[in-house]
Protein chains: 2
Amino acid sequence: MDVEAVIAEVLPRIRPTDEERAFVEGLMEELKIIAEETIEGMGLDAKPYFVGSLAKDTYLAGDHDADLFLAFPLDVPLEELRETGLKLGRAIAERLDSYEVAYAEHPYVRASYRGVSVDLVPCYDVKSWRDVKTAVDRSILHTGWVLENLNGRNDEVRLLKRFLKGINAYGSEIHVRGFSGYLAEILIIEHGSFLEVLGKADFMLRRKIIDPGNWLKREYEIAMKTVRREIDADRPLIVMDPVDPRRNVAANLGWERYGVFYFKVREFMEEPSVRFFFPERPKAGNYLAELRRKGTHLVTLLFDAPGMIDDLLIPQLERSARGFERALSREGFRVLGWDVGRKGKAFIMLELDRRERERVVIKPGPEFFTVNGRDFYRKNGRVWLKGKRLFAEKAVKENVVDVIAELLEKNGVALGKNLRASVRNADVLLDYVPKELEDEAYIFVSREKWNLKG
Amino acid sequence: MDVEAVIAEVLPRIRPTDEERAFVEGLMEELKIIAEETIEGMGLDAKPYFVGSLAKDTYLAGDHDADLFLAFPLDVPLEELRETGLKLGRAIAERLDSYEVAYAEHPYVRASYRGVSVDLVPCYDVKSWRDVKTAVDRSILHTGWVLENLNGRNDEVRLLKRFLKGINAYGSEIHVRGFSGYLAEILIIEHGSFLEVLGKADFMLRRKIIDPGNWLKREYEIAMKTVRREIDADRPLIVMDPVDPRRNVAANLGWERYGVFYFKVREFMEEPSVRFFFPERPKAGNYLAELRRKGTHLVTLLFDAPGMIDDLLIPQLERSARGFERALSREGFRVLGWDVGRKGKAFIMLELDRRERERVVIKPGPEFFTVNGRDFYRKNGRVWLKGKRLFAEKAVKENVVDVIAELLEKNGVALGKNLRASVRNADVLLDYVPKELEDEAYIFVSREKWNLKG
């Protein structure tokens, strides 16, 4: 199957139909009216803007969450923006089907209307990067820039986004570290088409700086500062945000996700196939059989995640997993790998080289002819010398579950700061996971989760 | 029990009776005559000298091996000395009960006569350290010096030697690294008595240089060279040989044996007891029970030792054991300790933290965007990324016996040079040793072998 044929087959599946398009436009129109009425009713000075893929018409068929930003004048104090913005969001949401308050940098309202999720996000009505005060303020500028520059290549964006989703490299959340939708749009605008972007996968990596906003001419000082900063941070890509010279759009793109993109592009070019866009889910397997095959063991910590969004939780789970890796290796267990996440409860999985260590470790002491040497000699049972140094046996807990309990008791593990309490009360499971984690356990232990060839 | 009482009880057990003394003197007289007659019969220009504890009357009751040295004039070439000396030794031994030829720096004859082992050792008839040509030449000078200086403190030497034997710190062989008889004699001569020497155990260690021959006055240059060399070598003691300023009598004394002496002296002073001189043998135990208690495993390599004396064999066994320690730890096994020796066959015992490792290890690869990266990706099955680096699984042998076989095949272990062939053909036993090694296995695994409190 050649590339064109594949694309011809993929396109109709990702391009919204006229019906869907009509529905979405109708929905946006309604929401706009509701928002404007509510603003007026509350006597507020705010403007509703649609941002994100709906506003840019780069959304994938069937995937049309709405982002309605409520922009306040720059002179409104931040505190007031947060309060009034949230109040306004609530008021609008009252007229929709249902809603809840979600927390990011600021609280915002996540509502649902006619089966569509609608985020109502307060922000400032910025006209330039110099006005930007909060993380979300740029979205309006991003939307504007894309609309100006995309010139009808919307389907190219859809192809790239679907490809990135298919190979599991899409999403700029900190725990994904993949390509954001905005980055995909910029790459299309920059290189012209989906296939052009794929053709550049290798070339982009050679520390190519993409600067569609021409900042390196227009704002040399600031732009160079950004470039230097991002080079020091060793990012795979530097894509100057066309609406803000201080920002690398690819700042959250990790080497892992870029690497996936890198290899998948190669494979796709060699053997084009629809499966890159629509992979069959990795066939689940039996994690216990996998553990037997590898001769390894699986320790799983299960605990209630405090009310944190994944963007905050996941990094702390990762920090904690690394903490266990270090602490357990000091105790004589080798951690071959770890995996974290949330499936109802939060979990940390550790793959170990063994479940039990020897019951006795050899404890080195001081040199024998010192005062400490004499104490060590007195305090210990069997004592012997290697050269000048005294040694003795120390009885230790054998089973990894006991060792972990002991480590947590003694604060012997570096944990994510909001997780300390909950990890200490975690259930520690050995070579067993509850039903809902069996698939996760399999793709972790088998490494299918990260398998580039998966 | 106070010290005097203990000594009073020990002395009669270590001092030869008049009968034994008479027997020994008679024996020496006979041997002297046999030697002289043989020398005359062969028309040789050589003199027989008795050296060692018999000659010095510092032997312990019941422990009277004879050292009869056959001293040749200095002008005899070394080659001739070896040949003629051996011939003479044989001729003398012919008139004794039985004999064999033993190999040290030079071949010599080990004969047996009236139940006493008699070493017939060719050497040069040296009058001064400047004449010394072979390692054994000094013995005649040592004997002379001790006879001149001991002044009837023979029993004090016997007490010290018996004490050192009792605490297992006696013997200067390279695989013991304890106190030699000559060192014990010098210490008595220097400090006056057994108890005086014990009183100095700590003090001697503070880098005290003992120089009974006054070399630091008489031969400052040479003596200081010796002192510096021995300080660099970090010896526990420096005892200038009263008959040779180039030699530290304590050069073969290791920190381990000195440490044993150090602690046992303390204990003896606090609670004097006969058991320091005549310990009850460490009660044997079951090595398998000990392995279960510790949760460890024992690997034993058994092989025929090439015809080497222990002084050559043991150091090479030790080197080989350290080689296995390094190689196995690279393979993921921790070696908690090792033991070597010869009981019929030579053996290397390794105590390990486990008998089986995981069947799969994680193999780090190159960075993904390199040519090597693409090869690594192609060549391996499941491949994943951490940062820029590729990783893959590698199947490995699981059981330590297989791992050792593989290591030896690939010359992956640093072995003593004369042992390579034999170790490669060794029997490798896991958690099992033949009957004759069961006690050794127990005192090793339990560390009773080195237990200072044993």
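Bear in mind the structure is a predicted one, so any value in this text is a computation, not a measurement.

J.: Would you mind showing me how to read the interface of chain A and chain B here?
T.: A common way to state how big an interface is: give the accessible area lost once the parts meet. Counting from both sides, the interface comprises 54 residues of chain A and, opposite them, 54 residues of chain B. When chain A packs against chain B, the two sides together hide about 4,700 Å² of surface, and 55% of this comes from carbon and sulfur. When the buried area of chain A at its contact with chain B is split by residue, Tyr377, Arg382 and Lys453 of chain A rank highest and sum to 15% of it. If you look at where chain A meets chain B, you find 14 salt bridges. Here aspartate 234 of chain A ties to lysine 388 of chain B by a salt bridge, and the two come within 2.9 Å at their closest N and O atoms.

J.: Any chance you could explain the relation of the copies chain A and chain B here in plain terms?
T.: Both copies of the chain are related through a single rotation about an axis accompanied by a shift along the same axis. When chain A is fitted onto chain B, the two copies agree to an RMSD of 0.3 Å after a turn of 179 degrees and an axial shift of 0.1 Å. On the angle and the small slide along the axis, the relation comes out as a two-fold axis. Distance from the rotation axis, computed per C-alpha, reaches its smallest value in chain A at arginine 354 of chain A: 4.5 Å. Residue by residue, 100% of the interface of chain A is reproduced at the interface of chain B, so both copies engage with the same surface.

J.: Even after reading the chapter, I still don't get the sheet that holds strand β6 (residues 209–210) of chain B, so can you show me in this structure?
T.: Sheet strands pair via backbone hydrogen bonds, and the direction of the pair is either parallel or antiparallel. All names here are of chain B. Spatial ordering of the open sheet is given by β6-β7-β8, a layout of three strands whose pairing is mixed. Looking along the sheet, the strands with just one partner apiece sit at the ends: β6 and β8 (244–248). Sitting on the sheet, helix α11 (residues 220–232) touches β6, β7 (238–241) and β8, and the angle it makes with β8 is about 5 degrees.

J.: Could you clarify how one ought to interpret the sheet that holds strand β10 (residues 335–343) of chain A in this entry?
T.: All names here are of chain A. With antiparallel pairing, four strands are arranged side by side in an open sheet as β10-β11-β9-β15. Both edges of this open sheet fall to β10 and β15 (427–430), since each of them pairs with a single strand only. Recorded for the sheet is a direction-independent mean angle of 15 degrees between the axes of neighbouring strands. Both strand β9 (residues 297–303) and strand β11 (residues 345–352) contribute to a ladder of seven bridges, which runs antiparallel. The partner of leucine 302 across the bridge, within β11, is phenylalanine 347. Its contacts with the sheet put helix α14 (residues 310–330) on β9, β10 and β11, and the angle it makes with β10 is roughly 155 degrees. Across the face of the sheet, helix α16 (residues 400–409) comes into contact with β9, β11 and β15 while running at roughly 155 degrees to β15.

J.: Is there a simple way to think about the environment of leucine 120 of chain A in this case?
T.: All names here are of chain A. With respect to the helices and strands, leucine 120 occurs in strand β5 (residues 116–124). Each C-alpha atom of the pair leucine 120 and arginine 90 lies 8.5 Å from the other, and the pair is 30 residues apart in sequence. If we skip the residues at most four places from it in the chain, leucine 120 touches Leu68, Leu70, Gly89, Ile92, Ala93, Tyr108, Val109 and Ala111.

J.: Just to check I follow, could you spell out the nonpolar core for this structure?
T.: Generally speaking, a soluble globular protein has its nonpolar side chains buried in company with each other. Core analysis: the biggest nonpolar cluster contains 91 residues, and Phe368 of chain A together with Leu120, Leu160, Tyr258 and Phe261 of chain B have the highest contact counts within it. Top element by residues in this core is helix α12 (residues 255–270) of chain B. It accounts for eight residues. Split by domain, this core shows at least three residues from each of two domains, domain 1 (13–128) and domain 2 (150–276) of chain B. When residues no more than four places from it in sequence are discounted, the contact partners of leucine 120 of chain B are Leu68, Leu70, Gly89, Ile92, Ala93, Leu96, Tyr108, Val109 and Ala111 of chain B. Trp145, Leu150, Leu183 and Phe194 of chain A belong to the second largest nonpolar core, which has 90 residues in total.

J.: Please clarify how the domain arrangement of chain A should be interpreted in this entry.
T.: Residue and element names in this part refer to chain A. Domains assigned within chain A are domain 1 (13–128), domain 2 (150–276) and domain 3 (287–355 + 400–450). Domain 2 puts four residues into the contact, and the matching count from domain 3 is five residues. In total, domain 2 and domain 3 occlude about 370 Å² of area from one another, counting both sides; carbon and sulfur atoms represent 59% of this. For domain 2, the biggest contributors to the area lost against domain 3 are Ile174, His175 and Arg257; these three give 86% of the whole. Scanning the region where domain 2 abuts domain 3 turns up zero salt bridges. Applying the counting criterion to the domain 2 and domain 3 interface returns zero residue pairs in polar contact (both at pLDDT 80 or more). Here the side of domain 2 that touches domain 3 is composed, by residue class, of one nonpolar, one polar and two charged.

J.: Help me understand α14 of chain A, please; the structure alone is not making it clear to me.
T.: Working note: α-helix, 3.6 residues per turn, so residues spaced by three or four point in the same direction. All names here are of chain A. An ideal rise of 1.5 Å per residue puts 30 Å on 21 residues; α14 measures up with 30 Å between its terminal C-alpha atoms. Regarding α14, the residues found buried are Leu313, Ile314, Pro315, Gln316, Leu317, Ser320, Ala321, Gly323, Phe324, Ala327 and Leu328. Looking at the packing, one finds that the buried side of α14 touches β9, β10, β11, α16 and α17 (420–424). Note on α14: the residue one or two positions beyond its end, glycine 332, has a positive phi of about 95 degrees.

J.: Explain the side chain of aspartate 244 of chain A to me, please; I cannot follow it from the model alone.
T.: All names here are of chain A. Its place among the elements puts aspartate 244 in strand β8 (residues 244–248). Of the residues examined, aspartate 244 reaches a relative accessible area of 0% and is grouped as buried. A distance of 2.8 Å separates polar atoms of two side chains, one belonging to aspartate 244 and the other to arginine 138. For aspartate 244, the contacting residues outside a window of four places in its chain are Trp129, Arg138 and Trp215.

J.: Could you clarify how one ought to interpret the confidence of the model for chain A in this entry?
T.: Regions with low pLDDT should not have their predicted coordinates read in detail. Averaged over chain A, the pLDDT score is 92; the fraction of residues at 70 or greater is 99%. In the model output, the complex is listed with pTM 0.75 alongside ipTM 0.82.

J.: What should I look at first to understand empty space enclosed by the protein in this one?
T.: If a probe as big as a water molecule is rolled over the atoms, it shows which places are left empty. For the structure on display, the rule yields one cavity of 30 Å³ or more. By volume, the largest cavity is sized at about 30 Å³. Every residue lining the largest cavity is listed: Glu256, Arg257, Val260, Trp450 and Leu452 of chain A together with Leu385 of chain B. Per element, the largest residue contribution to the lining of the largest cavity is three residues, and it comes from helix α12 (residues 255–270) of chain A.

J.: What is the right way to read the UniProt feature "binding site: ATP" (unreviewed entry) in chain A from this model?
T.: Residue and element names in this part refer to chain A. In the numbering adopted here, UniProt assigns the feature "binding site: ATP" (unreviewed entry) to Ser53, Lys56, His142, Lys161 and Tyr170. Here histidine 142 shows up in helix α5 (residues 138–149). A residue is classified by how much of its surface remains accessible, and tyrosine 170, at 22% relative accessible area, is partly exposed. When residues no more than four places from it in sequence are discounted, the contact partners of tyrosine 170 are Lys161, Leu164, Lys165, Val176, Phe179, Ser180 and Gly181.

J.: Which parts of the structure should I look at to understand the packing of aromatic side chains?
T.: Each aromatic ring pair is described using two quantities: the centre-to-centre distance and the angle formed by the ring planes. The tally for this structure, following the rule as stated, stands at 40 aromatic pairs over all chains. Between phenylalanine 368 of chain B and phenylalanine 369 of chain B, the ring centres sit 5.1 Å apart and the planes meet at 85 degrees, which makes this aromatic pair edge-to-face. Across the pair, exposure class does not vary: phenylalanine 368 of chain B and phenylalanine 369 of chain B are buried alike. Put simply, the rings of Trp255, Tyr262 and Phe263 of chain A together with Phe368, Phe369 and Tyr377 of chain B touch in pairs and so form one group of aromatic residues. Directly above the aromatic system of phenylalanine 278 of chain B lies the positively charged group of arginine 13 of chain B, at a separation of 3.8 Å from the ring centroid. Positioned over the ring face of phenylalanine 391 of chain B is lysine 386 of chain B, at 5.0 Å from the centre of the ring.

Reading the values: rules and limits
Residues numbered from 1 in each chain as written. Chains lettered and ligands numbered in written order. Predicted model: local features only at pLDDT ≥ 70, side-chain atom pairs only at ≥ 80, totals over all residues. Heavy atoms only, no water. Contact = heavy atoms within 4.5 Å. Buried area = accessible area lost by both parts, 1.4 Å probe. Salt bridge = Lys/Arg side-chain N within 4 Å of Asp/Glu carboxyl O. Least-squares fit on C-alpha atoms with pLDDT ≥ 70 in both. Pairing = 2+ DSSP bridges. Helix = DSSP H or I, 4+ residues; strand = E, 2+ residues; numbered from the N terminus. Axes fitted to C-alpha atoms, helices over the stretch in contact; angles between N-to-C directions. Core = buried A, V, L, I, M, F, W, Y, C linked by side-chain atoms within 4.5 Å. Buried < 20%, exposed > 50% of the residue type's maximum accessible area, 1.4 Å probe, protein only. Domains from an automatic or database assignment. Polar contact = N/O pair within 3.5 Å; in protein donor to acceptor, adjacent residues only side chain to side chain. Nonpolar A, V, L, I, M, F, W, Y, C, P; charged D, E, K, R; others polar. Expected span 1.5 Å × (residues − 1). pLDDT = per-residue confidence, 0-100. 1 Å grid on protein atoms, 1.4 Å probe; cavity = no way out; pocket = protein on both sides within 12 Å on 5 of 7 lines; lining within 4 Å. Points joined across faces, edges and corners; volume = space filled by probe spheres on them. UniProt positions renumbered as here; feature names shortened; annotations may be inferred. Phe/Tyr/Trp six-rings, centres within 6.5 Å; stacked < 30°, edge-to-face > 60°. Lys NZ or Arg CZ within 6 Å of the ring centre and 35° of its normal.

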